[in-house]
Every structure is written in structure tokens, then in C-alpha cells.
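# Results of the structural survey
As a plain string of letters, each chain reads:
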Amino acid sequence: MNIIIHMITKKMGLKIKIERIKRNLTQEQLAELADIDRGTISKVERGIMSPTIATLEKIANAFKMKLQDLVNLEKIDL
């Protein structure tokens, strides 16, 4: 995997995890709200799977936030 893509994938996973924890949700609860498999949530949060736009949109909707706010990674440092 290209290093830049790898870093973006890691940051996206961390952002999703932070947003999930801020909302007091478990991975299972987020998966249910977003209609996504819990294993997918886990892999995305750990940065070992790049989420599709459709998956990101489902997660953003579950968080009740705009997709562009979810994918804004400016404030996420690894």
C-alpha cells in the first residue's frame, strides 16, 4: 500500500474511532446504526481496511454528521 494512502487510511480509522467514543457507542452499536458489519468497523478503525464512500456515508449518517465533516482529517495527528 502506498505510504500516503496508508496514512490517510490510519487517520480515517482514528477519526471514526474518536467520533464513536465521543458518542459513547460500541463498535457493535455503530455497526447496527450504520447497517455495517461490526468486523468492518473494527478493520476501518484499526486502519487495515480503507472504507468505501458508501461505507463512510453510512457511518456519517449514523453519527448524524455531514460526510465532508467526517472525512475532514486536518485535526487528526498520528
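Below you will find a few notes about this structure. Counting restarts for each chain: residues are numbered from 1 in the order of the written sequence. With pLDDT at 70 or above as the cut-off, local features in this predicted model cover only qualifying residues; side-chain atom pairs require 80 or more to be listed or tallied, and sums for whole chains, interfaces and linings still use all residues. To get the side-chain values, take all heavy atoms of the structure and skip hydrogens and water.

Before going further, it helps to spend a moment on the layout of surface pockets. In the cavity and pocket records, a cavity denotes points on a 1 Å grid over the protein atoms alone where a 1.4 Å probe fits but cannot get out, a pocket denotes an open set with protein on both sides within 12 Å along at least 5 of 7 lines, and lining residues are residues with an atom within 4 Å of a point. Grid points are joined across faces, edges and corners, and a volume is the space filled by probe spheres set on the points. When its volume is computed, the largest pocket comes out at roughly 160 Å³. Forming the walls of the largest pocket are Lys-15, Ile-18, Glu-19, Lys-22, Met-65, Asp-69, Asn-72, Leu-73, Glu-74, Lys-75 and Ile-76. Class assignment for the residues of the lining of the largest pocket results in 4 nonpolar, 1 polar and 6 charged. Under the scheme applied, nonpolar residues are Ala, Val, Leu, Ile, Met, Phe, Trp, Tyr, Cys and Pro; charged residues are Asp, Glu, Lys and Arg; polar residues are all the others, including Gly.

With that settled, consider helix H2 (residues 27–34). Those residues of H2 that fall on the buried side of the exposure criterion are Gln-27, Leu-30, Ala-31 and Ala-34. Along the long axis of H2, the arc covered by the buried residues comes to 100 degrees, so they all point the same way. Turned more than 90 degrees away from the buried face of H2 sit Glu-32 and Leu-33, all of them exposed. Elements in contact with the buried residues of H2: helix H1 (3–22), helix H3 (38–45) and helix H4 (53–63). Count one or two residues on from H2 and you reach Asp-35, which has phi positive near 55 degrees. Classification of residues uses two cut-offs on accessible area relative to the type maximum, computed with a 1.4 Å probe and protein chains only: under 20% is buried, over 50% is exposed, and between them is partly exposed. Helix numbers and strand numbers start at the N terminus; a helix is a DSSP run of H or I with at least 4 residues, a strand a run of E with at least 2. This arc is taken over the directions from the axis of the helix to the C-beta atoms. Contacts are residue-level and defined by heavy atoms, with any inter-residue pair within 4.5 Å sufficient.

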